[in-house]
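# Structure assessment
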Amino acid sequence: MDETVAEYIRRTVLKMPRDEIKMMLQKWGFLSEAQLQTLNFHQQKDNISQEVVQLCEENSAGIKQAAALDIIYNHIYQNKRMWSVYQMKKSGEEEEYFDIADFKKKFKGRIRSALKNVTITFKEYEDNAIWIRVAWGTPHKKPNQYKPSYVVYHSQTPYVFISASVLKSNLPLLCQALIVASNYRDIREMELRSHSLNSLKDIVFKRYSQNFQTYSPKPVQGWNVEPENADRRIVHENRSAKERIHRLNQESFGCGPQPKLEFAQYRLDTMFKSDPKMDVLDKKEPFRCLVKFSSPHLLESLKSLTPLGMADAPLSPLLTCITHKARNYFKIREKKESFVSP
Amino acid sequence: HLATSLPLPSERDHLRPRIDMVVFMIDITSKYSLKNVETSLAHVDANFFLGKVCFLVTGVGRVNACSIETNAVCKLAEAYCSPVLFCELELEGIRAATAQRLLRMLQICAGHIPGVSALSFVSLMRNSNDD
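Scope of this entry: the structure provided in the associated data block. Quantities reported herein were computed from a predicted structural model and do not represent experimental measurements.

Attention now goes to the packing of helix α2 (residues 21-28) of chain A against helix α5 (residues 63-76) of chain A. Between two packed helices, the angle of one axis relative to the other and the distance separating the axes together describe the packing. Residues and elements named next belong to chain A. Close contact between α2 and α5 brings their axes to 10 Å; oriented N to C, the two are set at 125 degrees. Considered as vectors, α2 and α5 are oriented oblique to each other. Relative to α5, the crossing made by α2 is right-handed. On the side of α2, the interface is formed by M23, M24, L25, K27 and W28, while α5 contributes Q65, A66, A68, L69, I72, Y73 and I76.

Pasting the structure below:
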């Protein structure tokens, strides 16, 4: 077995938490159940990984199998990576039947025609997600297995989720290969990024609970703002204000859990408006600044702002439009409309 | 009665009993909280400031999350001749003790303790920090 493959497998196993190694190896399916039984999972990870490499040696593992193990790890720990969303556009033809074998062939073909030194691995999952792992090399160097790009494609949708490696120069080739393989005409990057792949899917597939205009507005069970506080000795003076805030919040965010985003970034290119007496800026030039909101769960924190009294209701549409506009990176320019997208 | 700011909504005026004490709660982690209290103070009748107003600063256990200086709160309390209490609501023991203190003050403000009036709070204003 190739030394680089052995080292790669060893390092991949080391990344895994010790009590999950067995499960991941089983998912991998490359080592037999009998072989897995011989492993002692209670020793130090260093030793476990050495033993795993030993077994892989017996089975003559190649880079293909090592890459498959890497996909398994990254599928489970997908939230460690930063994902961007890309949208593809059809040429306007009618829907063609999606053939996975055809897709793989075209994808590999397109990439290999430009770059020989690549490792391409596919894995399909039950939710119709096709995971693609690409390790990039150069015309003179073998692929760098430690900085692969990951692509997640749901064939029934025009969306692709990419976690690119640091080598951004390979991105155009990757995008080209995707549109060729999937019979689309064009691909563009959306202004939507997050660590939570599922939340990104929720946003673009519209799987989060949206707020629709109800036919007849009637009090919903959610309107009892503090259901657990049934203590009749406490009187809330601002009950109607609280209910108004709650209603506005529901309209902005819907009632269900929010998709998980970590950032919202606003690049402002607007005129600085201040008290003329302060005379902060002599020149009448747009004031460029970057406003970034970050949080472990941005949308839930925005949703809690008004009920907690930390902001006035309703919240700025720039904050509430994030999910239905499917973007968390904005450019705001001075214009007649309050908000312009690039 | 709990309110998020003053003045109180007028639609409930007829349902409200006599107000004996007003406690302004300031969250030490929120500048907005202090600002809200400052603007609400303007709506309180001057008579209340003879011992019937108290400031309660919460969240003091969270040393790393302070957004307001205790100095600022103490200055505010001094300006309005009212005592300040500091507490951490997340700790049950302190929460219970603070509640008991407030209740005791309320009993005095409501005139339930013979021989002691709310005016005596003003003279008990010196806190242990002043030397």
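This paragraph deals with the interface of chain B and chain A. Facing 12 residues of chain B, the contacting portion of chain A comprises 10 residues. Between chain B and chain A the total buried area reaches about 980 Å² when both faces are included, carbon and sulfur atoms providing 46% of it. In terms of surface lost to chain A, no three residues of chain B exceed H1, L2 and Y32 of chain B, which account for 51% of the buried area on that side. The tally of links between chain B and chain A comes to one salt bridge. Here E237 of chain A ties to R16 of chain B by a salt bridge, and the two come within 2.9 Å at their closest N and O atoms. Applying the counting rule to chain B against chain A returns seven residue pairs in polar contact (both at pLDDT 80 or more). A breakdown of the residues in the side of chain B that touches chain A according to their chemical character gives five nonpolar, four polar and three charged.

The rules behind each value
- Residues numbered from 1 in each chain as written.
- Chains lettered and ligands numbered in written order.
- Predicted model: local features only at pLDDT ≥ 70, side-chain atom pairs only at ≥ 80, totals over all residues.
- Heavy atoms only, no water.
- Axes fitted to C-alpha atoms, helices over the stretch in contact; angles between N-to-C directions.
- Helix = DSSP H or I, 4+ residues; strand = E, 2+ residues; numbered from the N terminus.
- Parallel < 35°, antiparallel > 145°, perpendicular 65-115°, else oblique.
- Left-handed = near helix turned anticlockwise from the far one by under 90°.
- Contact = heavy atoms within 4.5 Å.
- Buried area = accessible area lost by both parts, 1.4 Å probe.
- Salt bridge = Lys/Arg side-chain N within 4 Å of Asp/Glu carboxyl O.
- Polar contact = N/O pair within 3.5 Å; in protein donor to acceptor, adjacent residues only side chain to side chain.
- Nonpolar A, V, L, I, M, F, W, Y, C, P; charged D, E, K, R; others polar.

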